[in-house]
Structures are given as structure tokens and as C-alpha cells.
Protein chains: 4
Amino acid sequence: MKKLEVGILGATGMVGQRFISLLEHHPWFEVKWLAASERSAGKNYGEACNWRVRDPMPKAAAELPVNECKPGKAPQLVFSSLDSKVAGEVEKEFAQAGHVVVSNSSNHRMDADVPLLIPEVNPDHLALARLQRVERKWKGMIVTNPNCTAVGLVMSLAPLERAFGLEKVMMTSMQAVSGAGYPGLPTLDIIGNVIPFIGGEEEKVERETRKLLGRLKDGRVELGNFVVSAHCNRVLVEDGHTESISVALRSAAKVEDLIDAWRKWHARPQELHLPSAPKHPIIVREERDRPQVKFDVGSENGMATVVGRVRPCPVLQFKYTALSHNTVRGAAGAALLNAELMKAEGYLD
Amino acid sequence: MKKLEVGILGATGMVGQRFISLLEHHPWFEVKWLAASERSAGKNYGEACNWRVRDPMPKAAAELPVNECKPGKAPQLVFSSLDSKVAGEVEKEFAQAGHVVVSNSSNHRMDADVPLLIPEVNPDHLALARLQRVERKWKGMIVTNPNCTAVGLVMSLAPLERAFGLEKVMMTSMQAVSGAGYPGLPTLDIIGNVIPFIGGEEEKVERETRKLLGRLKDGRVELGNFVVSAHCNRVLVEDGHTESISVALRSAAKVEDLIDAWRKWHARPQELHLPSAPKHPIIVREERDRPQVKFDVGSENGMATVVGRVRPCPVLQFKYTALSHNTVRGAAGAALLNAELMKAEGYLD
Amino acid sequence: MKKLEVGILGATGMVGQRFISLLEHHPWFEVKWLAASERSAGKNYGEACNWRVRDPMPKAAAELPVNECKPGKAPQLVFSSLDSKVAGEVEKEFAQAGHVVVSNSSNHRMDADVPLLIPEVNPDHLALARLQRVERKWKGMIVTNPNCTAVGLVMSLAPLERAFGLEKVMMTSMQAVSGAGYPGLPTLDIIGNVIPFIGGEEEKVERETRKLLGRLKDGRVELGNFVVSAHCNRVLVEDGHTESISVALRSAAKVEDLIDAWRKWHARPQELHLPSAPKHPIIVREERDRPQVKFDVGSENGMATVVGRVRPCPVLQFKYTALSHNTVRGAAGAALLNAELMKAEGYLD
Amino acid sequence: MKKLEVGILGATGMVGQRFISLLEHHPWFEVKWLAASERSAGKNYGEACNWRVRDPMPKAAAELPVNECKPGKAPQLVFSSLDSKVAGEVEKEFAQAGHVVVSNSSNHRMDADVPLLIPEVNPDHLALARLQRVERKWKGMIVTNPNCTAVGLVMSLAPLERAFGLEKVMMTSMQAVSGAGYPGLPTLDIIGNVIPFIGGEEEKVERETRKLLGRLKDGRVELGNFVVSAHCNRVLVEDGHTESISVALRSAAKVEDLIDAWRKWHARPQELHLPSAPKHPIIVREERDRPQVKFDVGSENGMATVVGRVRPCPVLQFKYTALSHNTVRGAAGAALLNAELMKAEGYLD
């Protein structure tokens with residue numbers, strides 16, 4: 001089968017690099033077109049990019065020219081990891097021009113007709129994208145994945161919401177520095193420190209969670225009928241967001257019931273055997289001190305959410321810890337799985 | 001004024017070392033007697049102790065002999081930072097023999113007749129100690145300070161509880177490695193990692209908080225009438241526990257009211273001008289990204305609790321961040337302030 | 001081909017765990033027998049071992065019983081990563097009883113009739129082992145690999161020594177914490193710190209380097225005719241020893257000649273296609289800021305030595321940086337490659 | 001005594017902030033004028049500066065206006081910590097206009113008529129500054145302090161050079177991240193890593209060391225008659241450069257002679273009782289594992305150089321470890337001590 005050619009907007013940034021790394025041996029997609037800011041445009045990727053991924057830069061990518069962020073010669077499918085300062089406009093321009101933009105940027109996530117998607121959680125929301133053609137008269141479309149902190153939270157909440165209903169969610173994150181991009185966080189800010197603030201993050205988590213777990217009804221997403229509160233902190237970890245979560249459910253459940261719901265959760269990407277889908281989207285660890293970044297962040301190539309320490313919560317009902325890889329499942333891997341779902345569901349024909 | 005001679009049980013451990021360091025130039029107390037495990041007994045402190053505090057070991061301490069943990073020749077006032085494996089029995093033995101044991105160990109904290117004390121919060125609980133003489137027929141007594149994670153939490157809750165009443169408390173901690181003592185946490189466990197479990201810690205925080213904020217009634221402490229849930233995590237920070245806290249109050253309040261309650265809080269140790277009392281027991285930072293370990297952990301010589309980021313909580317009512325120095329305010333400094341209160345209130349005459 | 005059964009002495013320690021991990025899918029060897037200290041003996045490995053390797057414990061190993069460190073039922077080939085407090089005697093006992101002990105422990109490395117081996121550097125020294133049978137009347141033998149800091153140094157020196165002769169070597173190491181085993185270094189010792197001392201390390205590097213690069217003559221190793229000075233430091237890195245090295249050579253050379261000597265170096269393990277042999281034993285990086293632990297420590301599965309920054313040295317002649325994975329190439333992987341060489345050379349028939 | 005008014009060029013940078021912090025309670029000098037880049041000029045310092053020093057910003061500084069870097073209204077004495085991209089020209093302009101520029105920038109350090117000064121080492125080099133008036137027709141002058149890595153090295157070498165003569169010096173540094181300024185090093189670059197390269201650093205150390213230890217002769221500095229080789233590495237430490245040093249001396253000496261030379265070293269700033277002079281410019285630690293950043297970097301308020309581990313070196317003659325605080329003794333504190341020397345020697349009248 002001939003691979004589908006894809007492009008990357010924002011190819012030189014941290015998430016752009018992850019896209020290139022994850023796509024290196026992808027069975028369906030092949031990177032053929034790169035774009036970045038004017039500073040990089042005109043150079044070869046090998047020169048333009050300060051490569052920070054541990055695995056070496058794929059040779060094929062190194063030789064690609066870096067284009068300006070203009071539609072036209074780009075392939076139909078374009079991944080976007082543009083800075084949110086420019087992503088809003090550029091992504092619209094690409095969608096208007098007929099491109100399918102699978103974006104990790106936050107700008108359009110909450111637009112009423114833009115799917116905010118986790119393929120295991122709300123694959124049906126993809127249908128929203130067709131509205132863009134009707135209402136915006138776009139030939140292409142924009143599809144987004146959630147904020148890196150929301151992903152692990154929602155992955156762990158979805159089976160609970162389906163099985164028992166959700167009433168309240170409290171989440172405190174301990175987030176990795178890679179979430180801030182590159183150069184990102186100055187060492188002097190975080191060495192021996194915890195920073196109890198990440199601009200805009202708590203708001204994103206609180207609203208994206210309700211959209212992701214909302215129901216599609218009459219072509220609109222009804223936000224999930226529960227409240228979410230997020231405390232977001234930065235800690236000295238490279239990759240992997242750890243989250244302390246408490247929940248109140250709508251129907252009675254025991255600790256074992258939660259574990260059972262997680263373990264049995266087998267969703268659309270697994271049914272479709274999407275290439276980047278984790279075999280087990282949620283892994284439940286039973287040791288009393290897991291999940292831990294050190295041992296668990298790479299589970300299922302960074303695509304699984306790992307939960308543990310489920311126990312009663314005196315204030316809400318249950319509490320547990322969840323861990324998710326923020327630059328894989330929380331960014332490039334998330335967008336990639338979205339694109340795979342779209343391909344499997346006929347959105348890229 | 002001649003200084004009061006004091007002894008230290010567990011003098012070679014991390015908290016023991018902090019006692020010696022904090023007491024070096026103390027205006028009221030003077031370290032004259034040290035005790036530690038059999039391995040150390042018989043040596044001079046200078047030889048016996050693997051000193052890990054940044055300031056050099058006080059010369060006077062270096063030359064003191066290390067005794068076995070037996071009462072008799074010890075001074076009346078004895079600070080204890082014994083390992084909880086032995087503290088229970090040893091502290092009892094000292095209290096029976098007439099010593100006033102001011103302990104940082106957890107063993108007796110929840111005993112009905114043992115004061116669990118934060119001088120700014122519940123100085124009246126000290127009266128419980130007299131019961132020990134009556135009921136246990138002890139000539140001495142045991143007085144304790146709380147767990148290092150409970151201190152910052154309760155310091156920040158007390159003004160809210162007094163002003164508005166407390167209904168629910170949710171706390172997620174990001175705790176420093178020094179809380180685990182020395183040698184404590186292996187580097188390989190925590191480098192680039194978060195450990196979402198600290199043995200026994202959540203239980204201690206949940207129960208000690210309610211005793212500390214309880215009311216003394218008929219010679220017993222009625223536990224505070226609110227629920228507490230704690231998530232405890234370890235992060236790569238040397239000193240300083242950061243806590244993400246959400247609360248529901250019993251009467252209406254606005255964000256400014258909370259700030260006002262904290263800023264106005266001026267308690268017994270400040271009235272009595274106790275030597276180790278922070279001038280401002282609670283410091284409210286208004287920057288959007290504080291408190292931070294790097295800048296705030298040493299506030300008021302590590303004796304203040306620093307709070308910030310007060311804002312509405314969609315699930316409870318308010319959320320904020322608190323920071324407290326775990327080996328000063330959360331251990332040796334806490335016991336020292338307890339002893340100062342006891343001295344000022346006539347318990348050491 | 002039926003795999004050769006092997007045993008591990010010191011199986012529960014950090015290096016023992018690495019042996020088990022590296023041997024999990026080994027084409028020639030299969031772990032069938034484990035031994036550790038009395039504390040562990042009698043339990044299953046799964047229970048006895050506090051597994052600290054990131055990859056999960058192999059299932060087959062988890063179910064093996066842990067034996068006492070006594071010969072008899074052990075297989076012919078035994079890897080040893082015993083603590084040096086006991087390794088001296090235990091390894092002798094095993095060799096006497098007919099076992100081939102391939103050891104990572106330091107005790108016998110400098111014995112005149114014990115090969116201290118890096119298969120790429122001095123495979124001919126293996127012949128020394130036969131002397132043990134003659135002189136010590138042992139039925140088995142002991143073969144050792146060098147100290148973790150000496151390996152990277154000697155790997156980088158060997159091609160220079162062969163091509164130009166060595167006169168002087170100055171090496172300053174920045175060593176990873178995993179070199180100290182587990183629990184090893186307390187976090188409080190190394191967080192935000194550099195420790196400029198590692199007990200016995202400099203002496204080992206200085207003497208082992210000269211034995212490794214010595215010539216076998218009349219059944220004895222003539223130590224290399226050059227001087228070595230080592231400064232050993234510990235830094236906050238998990239795996240990977242970085243070394244700043246200066247050398248004076250015996251014949252004229254240019255920077256390019258050194259690079260050429262390294263790139264062309266292709267030695268016995270590569271000729272024999274030993275399963276753990278790196279394809280490129282030495283990798284020369286040309287970027288001005290490499291090798292770096294972050295990007296290079298895993299090169300060739302941690303079996304390659306990565307060098308870079310070769311430039312003139314105003315005091316000696318040339319200076320460069322070398323990086324080697326201390327628990328793979330510097331410990332378990334080193335012993336494993338030794339055993340593979342012995343198998344290929346007929347020492348295990 | 002009325003304090004001398006001083007200005008700061010580059011006041012918002014890391015070193016500029018240190019100047020302000022160190023000068024807060026200075027007995028001789030008072031900060032009255034600040035300048036920084038155009039971006040900051042026109043604002044108050046409190047607004048313009050992203051303050052990163054742990055101690056709070058002095059109130060007096062917060063209210064000062066930030067000026068452009070133009071002479072005229074600036075006080076006679078101006079400290080400079082300008083970026084080297086602009087320092088060259090700006091400092092000249094100030095010197096021409098009659099200001100005494102005490103600079104931490106590297107641009108003019110090697111100019112033949114510019115003193116490169118460590119007051120304990122070469123206070124007589126200050127006389128060079130008068131040449132600037134004659135040869136350059138400047139009304140003011142420029143005086144510089146060395147690179148942060150050179151300071152600790154030269155402080156430790158000076159007593160050896162004076163007592164025994166120096167022939168060869170080999171230095172490998174493990175440098176703190178604060179040396180790279182702010183924002184400086186991205187966390188993702190250094191977490192769990194060692195970076196074996198710092199642009200321009202080795203060259204600076206090698207040449208500045210020889211100028212600092214050179215002799216003033218006929219109005220010129222004859223460079224020291226010895227060779228220096230530097231390997232510079234970056235490690236995950238906040239403040240404090242650790243250096244592994246080997247030396248060959250010109251006359252016979254024993255380990256104790258070196259220790260003796262260091263301990264007896266008492267130089268001009270100590271004789272003059274300059275306010276920032278450390279009482280003991282060199283502290284010799286006798287523990288086998290010191291100096292360590294954790295315990296020693298703050299010695300004498302960060303103004304002392306701490307040495308330890310003196311022992312024979314098989315390649316040169318002696319080896320030892322030195323530690324120096326890079327942003328205090330290696331930057332702002334160095335310039336401040338230079339200015340104090342100039343004041344005491346009549347250069348500021």
C-alpha cells in the first residue's frame with residue numbers, strides 16, 4: 001500500500017520533532033512536507049532544527065526543505081504543532097484551502113464545530129468536523145487533541161463516567177518540564193523547586209475535560225454534567241505528568257469496580273487496530289507506590305495511561321494516581337492517533 | 001539569666017542535627033546532654049554523628065558525649081526525634097522518670113492525653129499534658145508536634161476554621177526528600193521521578209489535622225468537625241513541602257476574606273514573643289506563581305507558612321497553595337516552639 | 001542449539017539485576033540458577049529482589065529460587081556481581097570447585113594469573129586463565145572485567161596506544177549515581193551537589209588501565225609503560241560516566257589521526273560477531289558539545305564508548321571527552337561480553 | 001562617612017541583580033543609578049527586572065528608574081555586567097566620558113592596558129589602569145575581573161606560584177548552571193546530563209590564568225611562564241564551580257607544603273580589611289570528600305576558595321579539588337572587591 005503523504009506545521013519545535021520521530025517508520029503515513037517559522041523557512045530541516053529528541057533525527061527528514069506555513073503545496077493531511085500565537089489563523093487558512101489539519105494546538109479546541117478528540121473516549125465527536133464544511137464552507141477541516149494534562153485525566157475518567165456517572169473531579173498535577181517546550185523552562189527556575197502555576201493550564205483542563213466527556217447531540221457537544229477543579233504544578237521531571245485525582249461518582253461502586261472498569265476498557269482504536277493504539281489503553285498497577293514516571297511513563301510506547309493507588313477518598317469518593325506521557329500521549333502521539341482514526345473512519349479518502 | 005539545660009534523644013539523626021543547629025545560640029535553652037542508639041553511645045558527638053546540616057556542627061556539641069537513651073542523668077527538658085520504632089517506649093520511660101519530653105516522633109501524637117501542638121493554632125491543648133500526671137501517674141509528660149505535612153496545612157487552615165468554619169479539606173502534597181531522613185531516599189528512586197506514595201503519611205495528615213483543629217472540652221479533644229483527604233507525593237526537592245489545597249467553608253466568604261484572615265492572624269507565640277516564633281506566622285504572596293520552594297522556604301527562618309494563588313475551586317469552594325519548611329517548621333523548629341510555649345506558660349518551672 | 005545454562009552470584013543487587021535483564025533473550029546463555037546473600041536465600045527471586053531496572057523483571061527469573069552462594073548445583077558458567085566484602089572468598093571457592101567465574105567484582109582483578117579483560121582491547125590476556133589451573137590447581141577459573149570508569153577510558157585509549165604509543169594519561173570523571181549500587185547514594189548527598197571523591201576509585205582506574213593495556217609476555221602481564229592520573233567525581237546523573245581526558249603520545253599525530261584510529265578500530269568481538277559486541281566499539285561524534293549522557297549513553301545498547309571534542313592539549317598533547325554506560329559496558333554487559341568471548345574461544349566447552 | 005554613589009550597567013541581568021543584592025548594605029557604596037537595555041529603560045527597576053535572587057529585591061533599588069546605557073548622569077563609579085555583545089563599546093564610551101568602569105564582562109580583560117584583577121593575587125596590576133589615561137586619553141578607566149572558572153583556579157594557584165613556581169596546570173571544571181545567566185540553560189538540556197562544552201570558556205581560562213599570574217614589568221604584564229589546559233563541563237548544580245586540578249611546580253614541595261602555603265596566604269584585601277574580603281581567602285578542608293558545593297559554596301559569604309583532597313599526581317606532581325562560588329566570587333563579588341581595592345588605593349578620589 002502506498003503511504004499517505006503528510007505535512008507538519010511547526011516542524012522544528014519539540015512536538016514537531018516528536019511527530020517526525022513517531023512517523024519515521026509509520027505503516028500508513030510518510031512525512032513529505034515540513035513548515036516552520038520564517039526564520040527556518042528556506043533551510044533544510046537538518047540545518048533548521050535544533051533536534052532534542054534522544055533518538056537521532058531520521059535521515060529522510062533531515063533532507064526535506066522547510067517551507068513557510070502557507071497552504072498550497074502541502075499534502076492533504078497536515079499535523080500542526082504551531083505555537084498558539086499563530087496557530088489560530090494558520091490552521092484556519094489550511095482548512096479553508098482544503099487541508100485536513102490534525103492539530104495539537106489549543107486555539108480551536110473549544111470551537112463548537114471542532115472535534116476535541118481522544119479516540120478511546122469520544123470517537124463519535126469526529127462527526128462534528130463535517131459541520132465545518134457546511135457552516136464555514138471549508139473544503140478541509142480542523143481536528144484537535146486535548147491539552148497534555150487533560151489526556152491522562154480523561155483517559156482515566158472515561159471508563160468511570162461510562163460505568164458509574166461522574167459528579168465531581170479534583171485533580172492536582174505534577175507536570176514534566178517538556179510540557180513547556182524548548183527552550184522552555186530555565187534550569188534556574190526549577191532546580192530544587194516546585195512551581196505551583198502554569199499559565200492557562202488549569203482552565204484548559206477544567207473545560208476540555210467536560211467537552212471530551214460530553215455527549216454529541218443534535219450536532220453539538222453537550223458538556224459533561226460534572227464539575228472539575230485542577231491544581232497544576234511543575235516539577236523536575238523530563239517527561240510524564242503525574243496526577244493525584246479524587247472523584248465522586250453518580251452511582252454506587254467499590255474500589256474493585258473501578259479497577260474492573262479500567263481493565264475492561266477496550267475502545268474504538270483497539271477494535272480498529274490503529275497502528276499507534278496501545279493494546280491496553282489503561283494499565284492498572286497494584287503496587288502501593290505506582291505509577292511512577294521512572295518505571296511507567298514508557299508503557300505501551302508512551303500511549304497508555306497508567307493508574308494506581310485506588311482507594312476511598314474521605315472528601316469525594318475515590319482517589320487514585322494517574323500517569324501519562326505528556327509529549328507522546330499528550331501531544332504528538334495523540335494527534336497521530338486522531339489521524340489514524342480519521343483514516344480508518346474514511347475521513348482521509 | 002541562666003539558660004535551661006536540655007537534652008536530645010536521637011541526636012545523631014537528621015532532626016536531631018537540626019535541633020542542635022537551631023539551639024546553638026538559643027536565648028533560653030542550652031544543649032547539655034545527648035543520646036542516640038547503642039551504636040553511637042560512648043563516643044563523642046563529633047565522632048558519632050555524620051553531620052549533614054549545611055552550617056557546621058557547633059563546637060560545643062561536638063565535644064559532648066553521646067549517651068544511651070536512658071533517663072536519669074538527662075536534664076528535665078528533653079527533645080525527642082527518635083525513630084518511631086523505639087520512640088514509643090523510650091519516651092514513656094522518660095516521662096515516667098520525670099522528664100518533659102517534647103517530641104517530634106509520631107508514636108504518642110494521637111494519645112488522648114498527649115497534646116498535639118502547634119502554638120499558633122491550639123496552645124490551649126497544652127493543658128492535656130497535666131492529665132498524664134493524674135491518669136498515668138507520670139512525674140513528667142509528653143508533648144508532641146505534628147507530622148511535617150500536617151503543619152503547613154493546619155497553619156493555613158486555622159485562620160479559616162476560626163473565621164468561617166471548615167467543612168471539607170482536600171490536600172495534595174509534593175514533599176521534599178529530607179522528610180525521609182538520612183540516608184533516606186536513594187537517589188536512584190527519585191531522580192527524574194515522582195513517587196506517589198509515602199508510607200503512613202496520608203493517614204497521619206488526615207487524623208492529625210482534625211485533632212489539631214479540634215476543641216478542648218472536658219479534658220478531651222473533640223476532633224474537628226470536617227473531613228480531610230490527603231494525597232502525598234515525593235518530589236526532587238531538598239527541603240520544603242508544597243501543598244495544593246482545596247477547602248469548603250461553613251460560612252460565606254470571598255477570596256479577599258481568606259487573605260484578610262491569614263494576614264491578620266496573630267497568635268499566642270507572637271503575643272508571648274517566643275524566640276523562635278515567626279513575626280508573621282502566615283505570609284500571603286500575591287504573585288501568580290508563588291509560593292515557591294526556591295524563594296519562600298526560608299521565610300522567617302523557615303518558621304512561616306507561605307500561601308498564595310487563592311482562587312475559587314469549582315468542586316469545593318476555594319483553592320490555594322501552601323508551602324512549609326519540613327525539617328524546621330515541620331520537625332525540630334516545631335518542637336522547639338512547643339518547648340518555648342511551655343516555658344512561657346510555666347510548664348518548665 | 002541448546003543454550004548454555006548460567007548462574008548469577010549476587011543476583012539481587014543492581015548489577016545482578018542488569019545481568020538478568022541483559023540475559024533475558026540471549027541467544028547463547030540462559031539463566032537457570034541464582035544466588036544471593038543469606039537474607040534472600042530460600043525465597044523466589046520475585047520476592048527476594050527489589051527490582052530497580054526500568055524494564056520489567058523477566059517472568060522466568062521471577063520464579064527461580066534464590067540459593068546460597070555455595071558451589072555444587074550451580075552451572076559451570078557463573079556470573080558474579082557479589083559485594084567485594086565477600087566476592088574474594090566466594091569466587092575462589094567456585095573456581096576451585098570447577099566453575100568458570102566471570103566476575104564484575106574488583107577483588108581478583110589485579111591477581112597476576114587472573115585475566116582483567118576487555119574483549120576489544122586485550123583478548124589475548126584470556127590465556128592467563130589457564131595458569132590458574134596449573135598454579136592454583138583449580139578446576140575452574142576466574143575472569144574479570146574492569147572498573148566502570150576504567151572501561152570507557154581504556155576503550156578510548158587502546159586504539160591510540162596501538163597506533164602511537166601512550167606516555168601520559170590524565171582523566172577526570174563525572175560519574176553517575178548508579179555506579180554506587182542500590183540503595184547507594186542518598187539523595188540528600190548529591191542533589192544540587194558534586195562529590196569529589198569515590199572511595200578506591202582513582203586507585204582502581206590508575207592500576208587497571210595499565211594492566212589492561214599491558215602486554216602478555218612469558219605468561220605474565222607487563223604493565224603498560226605509561227602513567228595515569230585519575231580524578232573521580234560523582235554528579236547527579238543516573239547512568240553514564242563522562243570523562244575529560246588528556247593524553248601524551250609517543251609518536252607524532254594529528255587530531256585527524258586520532259579520529260581515524262578510533263573509527264577504524266575493529267577488534268576481536270566484532271570479528272567473532274559476539275552477540276553483545278557493539279558494531280562500532282567507538283563512536284566519534286563531531287558536534288562541538290558531544291558526547292552527552294542524554295543523547296549518547298544508550299549508543300549500541302550501551303556497549304559503545306562515545307568520544308568527541310578531540311583537540312590539542314597545551315599541557316599534554318591531546319584532549320577529548322569520552323562517555324561510557326557504567327552499568328552496561330562498565331559492569332554486567334562487560335562480563336557478558338567476556339563470557340561470549342570465552343565461549344567463542346573454546347573456554348566453555 | 002557619606003557613601004560613594006555607584007551605578008550599574010546591565011542591572012536587570014543575573015549578575016546585575018547580584019550587584020544590587022551585595023550592595024544593599026554596603027558600608028562604602030550606595031546604588032543610585034541603574035541602566036539596562038532599551039527594553040527596560042524608562043521603567044522602574046521593580047517593573048523592569050525579573051528578580052531571580054533568593055533574597056528579596058531591595059526596596060530602594062525597586063524604585064530607581066532604569067536608564068539607557070549612556071554616560072552623563074551616571075556616577076563616577078559604574079559596575080558593568082553587560083552582555084559581551086554590547087559591553088565592549090559601552091564600557092569604552094563610559095571610560096572616555098570619565099567613569100571608572102569596574103567590569104565583569106570579558107571584552108576588555110585581555111587588553112594590554114586593562115587590569116585583569118583578583119585583589120588577593122595581583123593588586124599591583126591595578127597600576128595598568130593609569131596607562132589608559134595616557135595612551136587612550138581617557139578621563140576614566142576600565143578594570144576587569146576574570147571569568148568565573150578562572151577565579152577559583154587562580155586563587156588556588158597563586159600561593160603555589162609564589163612559593164614554588166608553576167610549570168603546568170591541568171583543570172577540569174564541573175560548572176554550575178547559573179554561570180550561563182538567565183534564562184540561560186534550558187532544563188531539558190541539563191536534567192540528568194553533563195554537557196562537556198561551554199563556548200569560549202576553556203580559552204578564557206587558559207589565557208586569563210596566565211595574565212592574572214603574570215608579572216607587571218615596564219608597564220606591561222608578562223604572561224605567567226607556565227602552560228594551562230582546561231576542560232570545561234556543565235553539571236546540574238545551581239551555584240558553585242568544582243574544579244579537579246593537577247599541577248607541576250618548579251621547585252620541590254610536599255603535600256603539607258602546599259597546605260601550608262594556602263593556609264598562610266594572607267593578601268592585600270585582608271591587610272586593607274576591605275569590606276567584602278574573606279577573612280580566609282583560601283580554606284583547606286581535610287575531610288577526604290570535600291570541598292562540596294552543598295557544604296562549602298557559601299564559605300565566607302561565597303568569597304573564599306575552598307580546596308581539598310591534595311595528593312600526589314602520577315602525571316604532573318600534585319592534584320587537588322577547588323570550589324568557588326561562580327556568581328559571587330566569580331562575578332559580582334569579584335568586581336565589588338576590585339572596586340573596594342581601588343577605593344582603598346586612592347583610585348576613586
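Residues numbered from 1 in each chain as written. Chains lettered and ligands numbered in written order. Predicted model: local features only at pLDDT ≥ 70, side-chain atom pairs only at ≥ 80, totals over all residues. Heavy atoms only, no water.

Draft legend 1. Inspection of the domain arrangement of chain A at higher detail. All names here are of chain A. Domain parsing of chain A yields domain 1 (4–147 + 332–344) and domain 2 (148–325). The straight-line distance from the C-alpha centre of domain 1 to that of domain 2 is 24 Å. Residue-level contacts link 36 residues of domain 1 with 40 residues of domain 2. Summing the contributions of domain 1 and of domain 2, the shared interface buries around 3,000 Å²; its carbon and sulfur component is 65%. Of all residues in domain 1, E120, V121 and N147 bury the most surface against domain 2, accounting for 26% of the area lost on that side. The interface formed by domain 1 and domain 2 contains four salt bridges. Between R18 and D239 there is a salt bridge; the shortest N-O distance is 3.5 Å. (Domains from an automatic or database assignment. Contact = heavy atoms within 4.5 Å. Buried area = accessible area lost by both parts, 1.4 Å probe. Salt bridge = Lys/Arg side-chain N within 4 Å of Asp/Glu carboxyl O.)

Draft legend 2. Focus on the sheet that holds strand 1 (residues 4–9) of chain D. All names here are of chain D. Pairing is parallel across the open sheet formed by six strands, whose spatial order is 3-2-1-4-5-6. Of all the strands in the sheet, the pair left with one neighbour each is strand 3 (66–67) and strand 6 (141–144). Of the pairings in the sheet, the one linking strand 1 to strand 4 (residues 77–80) comprises four bridges and is parallel in character. Counted as the bridge partner of I8 is F79 from strand 4. Across the face of the sheet, helix 12 (residues 328–344) comes into contact with strand 1, strand 2 (29–35), strand 4, strand 5 (100–103) and strand 6 while running at roughly 145° to strand 5. (Pairing = 2+ DSSP bridges. Helix = DSSP H or I, 4+ residues; strand = E, 2+ residues; numbered from the N terminus. Axes fitted to C-alpha atoms, helices over the stretch in contact; angles between N-to-C directions.)

Draft legend 3. Region of the structure containing the relation of the copies chain A and chain B. Overlaying chain A on chain B yields an RMSD of 0.0 Å, the required transformation being a rotation through 180° with an accompanying axial translation of 0.0 Å. With respect to symmetry, the two chain copies, as superposed, fit the operation of a two-fold axis. The fraction of interface residues of chain A whose copies in chain B are also interface residues reaches 100%, indicating that both copies meet through the same surface. (Least-squares fit on C-alpha atoms with pLDDT ≥ 70 in both.)

Draft legend 4. Quick peek at the relation of the copies chain D and chain B. The operation relating chain D to chain B is a screw motion whose rotation component is 180°, with 0.0 Å of axial translation and a residual RMSD of 0.0 Å. Both copies present the same face, since 100% of the interface residues in chain D are matched by interface residues at the equivalent positions in chain B.

Draft legend 5. Layout of the interface of chain A and chain B. At the junction of the two partners, chain A supplies 45 residues and chain B supplies 45 residues. Both sides of the chain A and chain B interface together cover about 3,600 Å² of buried area, and 59% of this is carbon and sulfur. Of all residues in chain A, the largest losses of buried area upon contact with chain B belong to P196(A), F197(A) and V315(A), amounting jointly to 17% of the total for that side. Our count for the contact surface shared by chain A and chain B stands at six salt bridges. When the shortest N-O distance is used, the salt bridge between E202(B) and R311(A) registers 2.9 Å. Viewed at the interface, chain B and chain A are joined by 25 residue pairs in polar contact (both at pLDDT 80 or more). Listed by contribution, the elements that provide at least two residues to the side of chain A that touches chain B are strand 7 (166–175), helix 7 (187–190), helix 8 (201–212), strand 10 (227–234), strand 11 (241–249), helix 11 (293–296), strand 13 (305–312) and strand 14 (318–324) of chain A. The element contributing the most residues to the side of chain A that touches chain B is strand 10 of chain A, with seven residues. A class-by-class count of the residues in the side of chain A that touches chain B yields 23 nonpolar, 11 polar and 11 charged. (Polar contact = N/O pair within 3.5 Å; in protein donor to acceptor, adjacent residues only side chain to side chain. Nonpolar A, V, L, I, M, F, W, Y, C, P; charged D, E, K, R; others polar.)

Draft legend 6. Region of the structure containing unusual backbone geometry. Here the amide bond leading from Y182(A) into P183(A) is cis, since omega sits at 0°, within 30 degrees of zero. Here P183(A) lies in the loop between strand 7 and helix 7. With a phi angle near 60°, K137(C) is a residue other than glycine that sits in the positive phi range. Judged by relative accessible area, which is 66%, K137(C) ranks as exposed. (Buried < 20%, exposed > 50% of the residue type's maximum accessible area, 1.4 Å probe, protein only.)

Draft legend 7. Looking closely at the interface of chain D and chain B. With seven residues of chain D at the interface, the matching set in chain B holds seven residues. Of all residues in chain D, R54(D), K294(D) and F295(D) bury the most surface against chain B, accounting for 66% of the area lost on that side. Connecting chain D to chain B are two salt bridges. Here K294(D) ties to E238(B) by a salt bridge, and the two come within 3.4 Å at their closest N and O atoms.

Draft legend 8. Layout of the confidence of the model for chain A. Of the residues in chain A, 100% have a pLDDT of 70 or more, and the chain-wide mean is 97. Scored as a complex, the prediction yields pTM 0.97 and ipTM 0.96. (pLDDT = per-residue confidence, 0-100.)

Draft legend 9. Layout of the side chain of S80(B). Residue and element names in this part refer to chain B. Examined against the element boundaries, S80 turns out to sit in strand 4 (residues 77–80). According to the relative accessible area criterion, S80 is buried, its value standing at 0%. Once residues lying within four places of it in the same chain are set aside, the contact partners of S80 are L9, F19, E91, V101, V102, S103, N104 and S105.

Draft legend 10. Highlighting the pairing of strand 14 of chain A. Residues and elements named next belong to chain A. Here strand 14 lies mainly inside the structure; seven of its seven residues are buried. Of the two faces of strand 14, the one holding F318, Y320, A322 and S324 and the one holding K319, T321 and L323 are both buried throughout. Relative to strand 14, strand 11 runs antiparallel, the two being bridged by seven bridges. Paired with T242 across the bridge in strand 14 is L323. Sheet topology note: the strand 13/strand 14 ladder contains five bridges and is antiparallel. Residue pairing for strand 14: V306 is matched across the bridge by L323.

Draft legend 11. Expanded view of the side chain of D113(B). Residue and element names in this part refer to chain B. Relative to the helices and strands, D113 resides in the loop between strand 5 (100–103) and helix 5 (128–135). The class of D113 is buried, set by a relative accessible area of 6%. Among the polar contacts made by the side chain of D113, one reaches the side chain of R136 at a distance of 2.6 Å. Ignoring sequence-local partners within four residues, the contact set of D113 consists of L128, A129, L131, Q132, E135 and R136.

Draft legend 12. Structural context of the packing of helix 1 (residues 14–23) of chain A against helix 13 (residues 328–344) of chain A. All names here are of chain A. Between helix 1 and helix 13, the least distance of the axes is 9 Å, while the angle of their chain directions is 55°. Regarding the angle of helix 1 to helix 13, the classification is oblique. When the axes of helix 1 and helix 13 are compared, the crossing they make is right-handed. Across the interface between the two elements, V15, R18, F19, L22 and L23 of helix 1 pack against V328, A331, A332, G333, A335 and L336 of helix 13. Residues that form the contact of helix 1 with helix 13 fall into these classes: nine nonpolar, one polar and one charged. (Parallel < 35°, antiparallel > 145°, perpendicular 65-115°, else oblique. Left-handed = near helix turned anticlockwise from the far one by under 90°.)

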